[in-house]
Amino acid sequence: MNEQKHNLAQISNAQPSGTRNLSLDELRARASALNGKRFWRSLEELADTPEHRAFLENEFPYDPANEPQELERRDVLKWMAASAALAGLSGCTKMPEQKIVPYVTPPEEIIPGRPLFYATSLTQDGIASGVLVESHMGRPTKVEGNPQHPASLGATDFKTQAAILGLYDPDRSQTIIREGHISSWGAFVNTVNDLRTTFGTNKGDGLRILTGTITSPTVAAQIQDLLKQFPSARWHQWNSCSRDNAREGAKLALGQYANTVYRFDRADVILSLDSNFLYEGPGAVRYARDFAARRDPQGSQPMNRLYVIEQSATTTGAMADHRLAVRATDVESIARAIAGSGQPPQAANVPKGWVEALVRDLQSHRGRSIVIAGDAQPPVVHAIAHAINAALGNIGSTVIYTDPVEANPESQLDSLRQLCADIAAGRVHTLFLLGVNPVYDAPADLDFTSKLLSVDFRAHLGLYEDETAELCHWHIPMAHELESWGDARGYDGTAGIIQPLIAPLYDGRTAHEILGALAGQPDKSPHDFVGDFWRGKHAGADFDAFWQKSLHDGVIVDTAFQPRQIGGAKTSPPPSANSQRGDLEIVFRPDPTIGDGSLANNGWLQELPKPITRLAWDNTAQMSPATAARLQLASKDYVRISLNGSYVQAPVFVVPGHADNSVTLHLGYGRKRAGRVGSNIGFDANLVRASSAPDIAFGAQISKLSSGYALAAMQLQQSISGDPDSQDLESENAFLRNAVRVGTVDEYRKDPKFAQEMAEPPPRELSLYPGVAYSGYSWGMAIDLNKCVGCNACVVACQSENNISVVGKEEVMRGRIMHWIRMDTYFRGGIEDPETYFEPVPCMHCENAPCEGVCPVGATVHSPEGLNEMIYNRCVGTRYCSNNCPYKVRRFNFRLYADFTTPSLEPMRNPNVSVRSRGVMEKCSYCVQRIQAAKIDSEREDRFVRDGEIQTACQQACPAQAIVFGDINNKENRVAKWKADPRNYTLLSELNTRPRTTYLARLRNPNPEMPGEKAAPEAHGG
């Protein structure tokens, strides 16, 4: 670890200072000089910092291999010849010797080389999503969405895609531990039986069970049966990212707990009150799909309009037609003004007439609108949102109430408080902690650690021997959801069976077995617990047929909760305690990639660039440019934040579009016992988080400690902005390469080809390459920027499908990240509240590929079907192709990033994709292995590949259905129709590379009554 910190410090010191010391006014002036006609990627680009120029001038500016060397030309040629010879013989690096053992009698359904798919469910914060898991010879290798499950409809998010790596994580707990020594399940059961004898005499007095959010009908029934046996026992729930505010807001407005389901496919106008509903939350995957379905300008329904009022820059805010950046505290006063309180908003930066225009738009779409509040907002804001929806007639149309999805919907923070109070009062003698880690994530003022140590008997069930497990007498390894039986409900109440794809790798146990042991059923299996519960629900019916169908489909029919008729919402809930505060606020939010920290040891998620900031391997104190200037801070400054009698030390990151007078701290980092990947990274924001203000706090003191903290910020890397000598922002020649093309719906109606006016490609005959006639298949891709929500599901899906390695923070900082597809972020407008746009960038598979002609060994070639292919065995690592690629989509594995030594990681890899060693160039292949599999099936059946039969990994995962792939020679295929769309354009078309990947331009649907909208720029690209 010390060596790693030393290396990071070296890289940080080697980087330019990163600033030209431009003032806030100078940055504003530079953004204003662009006139809203051009895009920019970061504040460093606006300031034209040395760090920004370093990445423009050199793809790997801090790579020692790029330093000038005094070499003889003869030596260079000699080494190149030797490298070519070695490549042909050994494929660059000798692989470890391995032995294989065939089946003596293989199972009938297993055909080597052909995967099987099994339906199951995976949960996040207790809420289920239906998935299909690909299995090769009994090894789960890839997760896809289940088209029959309402929460996924065939898509996934990035966390679900990363579940495979969690299954094979070698740092998972592998043995039962009793007071620091290895023990056994039998010994644990004997101990529980002794406890049961005591509980039988005192009715469970002193027994407490602490779980996370429970939606499993079977687990809930087991707990209730246990509480009947021991009526003095108590069940508590805790999840640091729980939806307490939403639940309590519904109770405040409706007088009872209720689950709210939103129908974005029916909404013409949407107002988000600090809600990132397109990215996080129980229904995010479904909501992204429904929202994106209404962003088609040629659809049967009009394009929707999205208003977002938010504190920090989010993916939902990036999709907004109108966005307002305000403090989280000020959202309440704006919501009250929208609800008709008669009082003006307290936020100082609300433009005059903004609220009035919004209200008129909502009123003109009564019954066809949605108002949704975010989880960080207090219950009163949620109550106001319910009241507005009721007043607009949205209830029953776009907003539907059902029974709560959670088995116990009451406040989890209050539940944890009560548990702590009982422990302090000496009323708790036995505590079972099932799948939770409150020693790490409980609010600091509850002092859970010291209270836990005072409990006489402590038993912990978890995937890892984490911070809580360390302080318990017993630790039981928990089975992963891909290796266990269970059940869980989705966002709308739909129940699904969780079935194992593989036997437990480490003899893990489930909550069913712990509760069964407590109930006197230690020998009953999780399969029997789940089966018996649903057998009781289907008494008298053909249970076997029902069970087989439920397992096959991944969905239990007729289990979605039916809409409920609930009385009108209260129109004027009392104000929250902080509604009038004007000082600096601290907002706590789950990290955009690792959430509450339970996924901290997942390397795919640690290295996944966070939306907007594109940071990895860290959390930061995020603030606006104006707030940073007022506090005399800059990005990469290291500060001390004192709050609630404690403090944390954190790096600063300045974010365009962040609200002023507000600081965002992300949870999930600062873990001590997360595993080798996730431990000792970042800072633990829970240390300054209090139970009295778990989401928004005041009274923080911030002081600067040092400068130059090493951050893995990828926003400056892989830039396609062009010649760095033409980056003068005031120059008319700046940003000639128009990566993103944007217009309004009105402009599209006037001229559907507006996106193609900017830079028509050169004539096709103007080329140094000979023309190729594709008489058979001709593969291509189209990406609709109007649908893409920037969720990064495509990035992790590609990583899982193609065995792409994690490289670590140090290598990311050097520009060596290995992702085959990246999500570029662009800004337009002022630095305080710019428009934000996303653009997924895979390999373009150019017809006139600049990479092919410069490869000295013919490692990159063109296929008869139009693919730009890599022959790994030929590649000698000259990197000429990468240097010649204007899109910067080629990845060179400088080091042996793939882990060939950890046994548990071997079964995870897709056997249909080569695992590269080192010294080889990698890139997107359009998932050629999937293309070949579909072609083999079609040839066997003597037919052509059907439209949609081939889905690339990124396409299949995309919740918004923003990616289409197929044969562009068949004009009836969706990809061909998208490419014929007037919005279709080619990235960097002026270079005449003729990419097979094209884009559909982004459209905004602004309200013409909004202040300043008439003065909106007419330009479409930047």
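Residues numbered from 1 in each chain as written. Predicted model: local features only at pLDDT ≥ 70, side-chain atom pairs only at ≥ 80, totals over all residues. Heavy atoms only, no water.

Notes on the sheet that holds strand 29 (residues 779–784)
Strand order in the open sheet formed by four strands is 36-29-38-37, with mixed pairing between adjacent strands. Two strands close off the open sheet at either side, each with one partner strand: strand 36 (963–967) and strand 37 (984–985). (Pairing = 2+ DSSP bridges. Helix = DSSP H or I, 4+ residues; strand = E, 2+ residues; numbered from the N terminus.)

Remarks on the packing of aromatic side chains
The tally for this structure, following the rule as stated, stands at 23 aromatic pairs. Between Phe199 and Phe230, the aromatic rings sit 5.6 Å apart at their centres with planes inclined by 65°, giving edge-to-face as the arrangement. Of this pair, Phe199 sits in helix 8 (residues 185–202) while Phe230 sits in the loop between helix 9 (217–229) and strand 7 (234–237), and the two are 31 residues apart along the sequence. Residue Phe199 is classed as buried on the basis of its relative accessible area of 2%. Taking relative accessible area as the criterion, Phe230 reaches 4% and is therefore assigned buried. For the ring pair Phe277 and Phe291, a centre distance of 6.4 Å and an interplane angle of 75° mean the geometry is edge-to-face. Placement of the pair is Phe277 in the loop between strand 9 (269–273) and helix 11 (284–293) and Phe291 in helix 11, with a sequence separation of 14 residues. Of the residues examined, Phe277 reaches a relative accessible area of 2% and is grouped as buried. Its guanidinium or amino end placed over the ring of Phe894, Arg816 lies 3.9 Å from that ring's centre, counting from NZ or CZ. Its end group placed over the ring of Tyr774, Arg996 keeps NZ or CZ at 4.6 Å from the ring centre. (Phe/Tyr/Trp six-rings, centres within 6.5 Å; stacked < 30°, edge-to-face > 60°. Buried < 20%, exposed > 50% of the residue type's maximum accessible area, 1.4 Å probe, protein only. Lys NZ or Arg CZ within 6 Å of the ring centre and 35° of its normal.)

So, unusual backbone geometry
For Ile612, which is not glycine, the phi torsion reads 75° and is therefore positive. Secondary-structure assignment places Ile612 in the loop between helix 23 (603–606) and strand 20 (615–616). Its relative accessible area of 4% is what places Ile612 among the buried residues. Despite not being glycine, Asn792 shows a phi value in the positive range, around 75°. Taking the relative accessible area as the measure of exposure, Asn792 reaches 4% and is therefore buried.

Quick look at the nonpolar core
Counting residues in hydrophobic clusters, the biggest one holds 174 residues, and the most contacted among them are Phe588 and Leu665. Among the elements that line this core, the one with the most residues is helix 26 (residues 793–801), at six residues. Setting aside its immediate chain neighbours within four residues, Leu665 contacts Ile586, Val587, Phe588, Arg589, Thr620, Ala621, Ile641, Phe683, Ala685 and Val688. In terms of nonpolar packing, the next biggest core, distinct from the first, is built from 30 residues, Phe188, Phe199, Ala233 and Ala519 among them. (Core = buried A, V, L, I, M, F, W, Y, C linked by side-chain atoms within 4.5 Å. Contact = heavy atoms within 4.5 Å.)

Some words on the pairing of strand 24 (residues 662–667)
Of all six residues in strand 24, six are buried; the element is thus mostly enclosed. As paired strands, strand 19 (residues 585–590) and strand 24 are joined by six bridges and run parallel to one another. Looking across to strand 24, one finds that Glu585 is bridged to Ser662. Of the strand pairs in this sheet, strand 21 (residues 621–623) and strand 24 are connected by two bridges, and their pairing is antiparallel. Residue pairing in the sheet places Gln622 in a bridge with Thr664 of strand 24.

Structural notes on the pattern of salt bridges
Scanning the entire structure with this criterion turns up 52 salt bridges. Notably, a salt bridge pairs Glu941 with Arg943, separated by 2.7 Å at the nearest N-O pair. The class for Glu941 is partly exposed, based on a relative accessible area of 48%. If you follow the salt bridges from partner to partner, you end up with Glu810, Glu811, Arg814, Arg816 and Arg895 in one network. (Salt bridge = Lys/Arg side-chain N within 4 Å of Asp/Glu carboxyl O.)

Let's talk about the pairing of strand 9
Among the five residues in strand 9, five count as buried, and that is most of the element. Judged by which residues are buried, strand 9 turns out to be covered on both faces: Val269, Leu271 and Leu273 on one side and Ile270 and Ser272 on the other are all buried. Examined bridge by bridge, strand 9 and strand 10 (residues 305–310) share five bridges and lie parallel to one another. Its bridge partner being in strand 10, Ile270 is matched across the sheet by Leu306. In this fold, strand 9 hands off to helix 11, which returns the chain to strand 10; that crossover is right-handed. (Right-handed = clockwise from strand over helix to strand, strands pointing away.)

Considering the state of the cysteines
As enumerated under the stated definition, the model contains zero disulfides in all. Of all cysteine sulfurs in the structure, the one in Cys924 sits closest to Cys843, which takes part in no disulfide; the separation is 5.6 Å. For Cys924, a relative accessible area of 10% puts it in the buried group. (Disulfide = S-S within 2.5 Å.)

Comments concerning the sheet that holds strand 24
Ordered in space as 25-19-24-21-23-22-26, the seven strands form an open sheet in which the pairing is mixed. Two strands bound the open sheet, and with one partner strand each, they are strand 25 (696–698) and strand 26 (701–706). The sheet shows a mean angle of 35° between the axes of neighbouring strands, direction not considered. Sheet topology note: the strand 21/strand 23 (residues 646–654) ladder contains three bridges and is parallel. Paired with Gln622 across the bridge in strand 23 is Phe653. (Axes fitted to C-alpha atoms, helices over the stretch in contact; angles between N-to-C directions.)

What about the side chain of Ser691?
Along the polypeptide, Ser691 turns up in the loop between strand 24 and strand 25. A polar contact is formed between the side chain of Ser691 and the side chain of Asp445, at a distance of 2.7 Å. Beyond its immediate stretch of four places on either side in the chain, Ser691 contacts Leu413, Arg417, Pro443, Asp445 and Leu446. (Polar contact = N/O pair within 3.5 Å; in protein donor to acceptor, adjacent residues only side chain to side chain.)

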